[in-house]
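Structural overview
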Amino acid sequence: MSTTTLLGALLPAVPLVAGLLGLLLPPSPPGAGTGGDRSRRAAIALGVAGAAGALALAVALLVSLDRPAEASTTWVDLGGLTVSLGVRLDGAAALVAVAVAAVALAVQVYSVGYLRRGPHDDVDTDHRYPPYAAQISLFTAAMLLVVVAGDLILLLVGWEVMGICSYLLIAHDRRLPEAPAAAMKAFLVTRVGDVGFLLGIALLGVSAGSFRIADVLAQDHATGTLTAACLLLLAGVAGKSAQFPLHTWLPDAMAGPTPISALIHAATMVAAGVYAVTRLYPLFEVTPTALAVLGVMASVTLLLGAFAATAQDDLKRVLAWSTVSQIGYMTGALAVGSTPAALFHLLTHAAFKALLFLAAGAVIHAVGTTLMSRMGGLRRGMPVTFWCTVVGLGALAGVPPLSGFWSKDGVLTVAGDAALHGAGPAPAWVGWLVWLAGLVGVAVTAWYATRLLLRTFLGEARMPLAHPHDPPAVMRWPVLLLAVPAALLGLAGFDWAFARQLLLAPTAGEPGERLLVHVGPELLLPLALLAVGAGLAWLRWRRDPAADPATALGPLRPVFAAAFRLDDVQRALVVRPTKALARATRTADEVVVDGAVEGSGRAAFGLGGGLAALHRAALPRAAAGVLAGALLIGLAAVLIGGSS
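Residues numbered from 1 in each chain as written. Predicted model: local features only at pLDDT ≥ 70, side-chain atom pairs only at ≥ 80, totals over all residues. Heavy atoms only, no water.

This paragraph deals with the overall build of the protein chain. Secondary structure summary: the protein chain contains 24 helices and two strands in total. Oriented by its inertia axes, the alpha-carbon framework of the protein chain measures out at about 115 × 65 × 55 Å. Counting across all 644 residues of the protein chain, residues that qualify as buried make up 52%. Here the analysis covers contacts within the protein chain between residues at least 6 apart in sequence; of these, 79% occur between residues at least 24 apart. Accessible surface for the protein chain amounts to roughly 26,400 Å². Of this, 69% is attributable to carbon and sulfur atoms. Charge centroids of the protein chain, computed over 41 positive and 36 negative side chains, lie 9 Å from each other. (Helix = DSSP H or I, 4+ residues; strand = E, 2+ residues; numbered from the N terminus. Buried < 20%, exposed > 50% of the residue type's maximum accessible area, 1.4 Å probe, protein only. Contact = heavy atoms within 4.5 Å. Areas by Shrake-Rupley, 256 points an atom, 1.4 Å probe, with all protein chains shown as cover. Lys, Arg positive; Asp, Glu negative; His and termini not counted. Charge placed at Lys NZ, Arg CZ, Asp CG, Glu CD.)

Have a look at this one:
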């Protein structure tokens, strides 16, 4: 094993060890004193060390990796169907690993301050910190395993461990009644997609005779098998990356602690689906049906998330719906044939979305509420948080020269080429769909990003606060450091070396032809739509700073706030029928199955009791019974004899 592949193997192992050791630490009950403090300090040390070690290994891997590398060893061989333990490394894997580890480290450090007793807490929320920090480490290890895995079964292991860790972390704050329900919903909805993902992997593995990714990609699969496998894999992508129609779990997952929202939304769980498609993209590239389905799914999700974000009052739910929309841009780029554009937006989104969630956590920590209707006027008391939020929202909306502008423009450029020139493997109508949805999304994103900034930080305070202030240093420094890539990472797209890292199959050619970003007249349309969206929100606010700009939505506002009532549709079409079937099954089991068993038992018991009563009868009655029996037997003998 070379040094490069050793680094890849150690990448998930370091946070895994930190997480397993952290699980051995006892959670300290409230008021535990010195013992609880020791347990908490050990959990902090393990969590931060695991994330920092993973980041150091990821950076070393990025620096040392000059060409794709792979190493594997057979793990299981069942009748010629092999499962291997190994890593598959390239530039994209190294960059995504750096993003995952950086966000995980920021979340571990930030959580030290966030999960301490705050000014608005009536109880100490810190007593379950050891399992919390350990679960973050396991979550990080699982995502890094997805990133470097060279075998589909190994990738599936990381995929499923992320699912259980997300369940545990979303339900962490058990004082909130909605947290356990949100965790269960996230677990069940993503499991629906994971069934398809598992079946897709099984089809590919059986077809190739191996689950090793290199073997799966090299195999000449039958067209029907390949189409079915890719469509099944997309079900898993829809669940894990919160794409229509399996997107409904993500906004409810905001019941978890805000740092966990940053971890799930930025570079880990919701990005896993996008990354999995890029790993297997040569298969999707020759499956137009799967790309068409992906394009429709991406376009619907992009607009659904954007419009739903316009009417939310909860600060975290605005950001959650924006994640749904932004993942739609990434899957849209994949649908029109550009993995570099999708990965570029994944990386910039990791930076600015982690920044936004941690800045939102600072606001919530200061004011004690997530509702924007109870905020306002925080700019003066929280200047650091305000300017970091400006950077994050500017990158989200696509304000030049912030990172989101360049990566989103990259998606729109490839979609425009697919629409206007038929470029890419998908049908031209898919390009038109993604491009038009992306352009509308630019205006809508600018509108709700502007509304969030105005409602939270500007105007007059709508709730009296003594002294709103920026968070303590342990929470402030992760926010400040994340503001740097959120602002500047997009400029890396001008560098040919960076762009080459994101190519699945780097080829020779003119570097200028392979840059991720382009400066030209095509930028004018997105910029105009950006100005229109932001301008409309600002004008509405200027008319009445005390009013919510969302009032401009009129009768559409409750529809958007309820995300087109797709949750109700899901409950009507899936949840209620499933519950009704479960009730019918339970009734059948209790009445028919249990009834037959218990009834036969009661009948046998009754018959035995009757016979026992006869055996206990007095002598005259017993003699009468014997004579009656003898007469019956004699009568039967006469009748039988006469008939014969």
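Right, let's get into the packing of aromatic side chains. This structure, assessed with the given rule, holds twelve aromatic pairs. A centroid spacing of 4.9 Å and a plane angle of 75° characterise the contact between W406 and F494, whose relative ring orientation is edge-to-face. Highlighted residues: W406 in helix α17 (residues 403-421) and F494 in the loop between α19 (473-488) and α20 (496-501), separated in sequence by 88 residues. Taking 5.4 Å as the distance between ring centres and 55° as the angle between the ring planes, the aromatic pair formed by F560 and F564 counts as tilted. Of the residues examined, F564 reaches a relative accessible area of 35% and is grouped as partly exposed. (Phe/Tyr/Trp six-rings, centres within 6.5 Å; stacked < 30°, edge-to-face > 60°.)

Another point: the nonpolar core. Counting 197 residues, the largest nonpolar core has L204, W249, I264, F284 and L502 as the members making the most contacts within it. Among the elements that line this core, the one with the most residues is helix α15 (residues 339-367), at 20 residues. Ignoring anything within four residues of it in the chain, the contact list for W249 reads K185, A186, V189, T190, G239, K240, A242, I264, M269 and V270. (Core = buried A, V, L, I, M, F, W, Y, C linked by side-chain atoms within 4.5 Å.)

For any two helices packed against each other, the geometry is given by the interaxial angle and the distance between the axes. Orientation of helix α1 (residues 3-23) relative to helix α4 (residues 129-148), taken along the N-to-C sense of each, is 160°, at an axis distance of 8 Å. Classified by the angle between their axes, α1 and α4 sit roughly antiparallel to one another. Judged by the sense of rotation from one axis to the other, the crossing of α1 with α4 is left-handed. Each of G8, L11, P12, P15, L16, A18, G19, L20, G22 and L23 in α1 lies in contact with α4, whose residues at this interface are P130, A134, S137, L138, T140, A141, L144, L145 and V148. (Axes fitted to C-alpha atoms, helices over the stretch in contact; angles between N-to-C directions. Parallel < 35°, antiparallel > 145°, perpendicular 65-115°, else oblique. Left-handed = near helix turned anticlockwise from the far one by under 90°.)

Moving on to unusual backbone geometry. Glycine aside, a negative phi is what most residues show, and trans is what most peptide bonds show. Here the residue pair F244 and P245 is connected by a cis peptide bond, since its omega of 5° sits within 30 degrees of zero. Positionally, P245 belongs in the loop between α8 (223-240) and α9 (249-252). Phi is positive for A242, which is not a glycine, with a value near 55°. Phi at F564 takes a positive value of approximately 60°, unusual for a residue other than glycine.

A contiguous nonpolar patch, built from V484, L488, L491, F494 and V519 and spanning about 450 Å² of accessible area, is present on the exposed surface. Positionally, L488 belongs in helix α19. (Patch = residues over 30% accessible without salt bridge, like charges linked within 9 Å, V, L, I, M, F, W, Y side chains within 5 Å. Salt bridge = Lys/Arg side-chain N within 4 Å of Asp/Glu carboxyl O.)

A word on α17. Across its 19 residues, α17 extends 27 Å between first and last C-alpha, which sits within 8% of the 27 Å expected from 1.5 Å per residue. For α17, the buried fraction is high: 15 of the 19 residues fall into the buried class. One or two steps after α17, the chain reaches G422, where phi turns positive at roughly 70°. (Expected span 1.5 Å × (residues − 1).)

Take the pairing of strand β2 (residues 81-89) next. Relative to β2, strand β1 (residues 69-78) is paired through nine bridges, and the arrangement is antiparallel. Within β2, the residue paired with S72 across the bridge is G86. Taken together, β1 and the strand that follows it, β2, pair antiparallel across an intervening segment of two residues, in which G79 is found at a positive phi of about 60°. (Pairing = 2+ DSSP bridges.)

This paragraph deals with the pattern of salt bridges. On inspection of all chains with the given rule, the structure shows 16 salt bridges. R317 is the salt-bridge partner of D252, the closest N and O atoms lying 3.3 Å from each other. Of the two residues, D252 sits in helix α9 while R317 sits in helix α14 (residues 315-335), which places them 65 residues apart along the sequence. What makes D252 partly exposed here is its relative accessible area of 23%.

Structurally, L480 can be placed in helix α19. For L480, a relative accessible area of 30% gives the class partly exposed. In this structure the C-alpha to C-alpha distance between L480 and T369, which are 111 residues apart in sequence, comes to 22 Å.

Turning to the environment of A487, a few remarks are in order. Tracing the chain through its elements places A487 in helix α19. For the pair formed by A487 and A350, sequence separation is 137 residues and the distance between their alpha carbons is 12 Å. Among all residues touching A487, those that are not within four sequence positions of it are V391, P401, L402 and S403.

Before going further, it helps to spend a moment on the side chain of D90. Here D90 is to be found in the loop between β2 and α3 (91-114). According to the relative accessible area criterion, D90 is buried, its value standing at 13%. Here the side chain of D90 touches A92 through a polar contact of 3.3 Å, landing on its backbone nitrogen. A distance of 2.9 Å separates a polar atom in the side chain of D90 from the backbone nitrogen of A93. Leave out the neighbours within four places in its chain, and D90 touches L65, P68 and R279. (Polar contact = N/O pair within 3.5 Å; in protein donor to acceptor, adjacent residues only side chain to side chain.)

Glancing now at the confidence of the model for the protein chain. For residues with low pLDDT, the predicted coordinates do not support detailed interpretation. When pLDDT is averaged along the protein chain, the result is 88, and 92% of the positions lie at 70 or above. When the criterion is pLDDT under 50, residues 118-125 qualifies, and its contacts beyond four places in sequence or with other chains add up to 16 contacts. (pLDDT = per-residue confidence, 0-100.)

Moving on: α8. Helix length check: α8 (18 residues) gives 26 Å between terminal C-alpha atoms against 26 Å at 1.5 Å per residue, within 8%. The elements touched by buried residues of α8 are α5 (152-170), α6 (178-208), α9, α11 (269-279), α12 (281-285) and α13 (288-309). In the stretch just after α8, A242 is the one whose phi turns positive, near 55°.

A separate point is the packing of α17 against helix α18 (residues 428-457). The interhelical angle for the contact between α17 and α18, taken along N-to-C directions, is 145°, at an axis separation of 7 Å. α18 is crossed by α17, and the crossing has left-handed handedness. Along its contact with α17, which presents K408, L412, A415, G416, A418, A419 and L420, the element α18 presents A428, G431, W432, V434, W435, G438, L439, V442 and T445. Here the residues of the contact of α17 with α18 are counted per class, giving eleven nonpolar, four polar and one charged. (Nonpolar A, V, L, I, M, F, W, Y, C, P; charged D, E, K, R; others polar.)

Let us now look at the side chain of S84. Locating S84 in the fold gives a position in strand β2. With relative accessibility at 8%, the residue S84 sits in the buried group. If we skip the residues at most four places from it in the chain, S84 touches S72, T73, T74, W75, D151 and R212.

As a further point, take the environment of V237. Here V237 is to be found in helix α8. Here V237 falls in the buried class, since its relative accessible area comes to 2%. Between the C-alpha atoms of V237 and L573, which are 336 residues apart in sequence, the distance is 21 Å. Ignoring any residue separated from it by four or fewer positions in sequence, one finds V237 in contact with W159, A242, Q243, G273 and V277.

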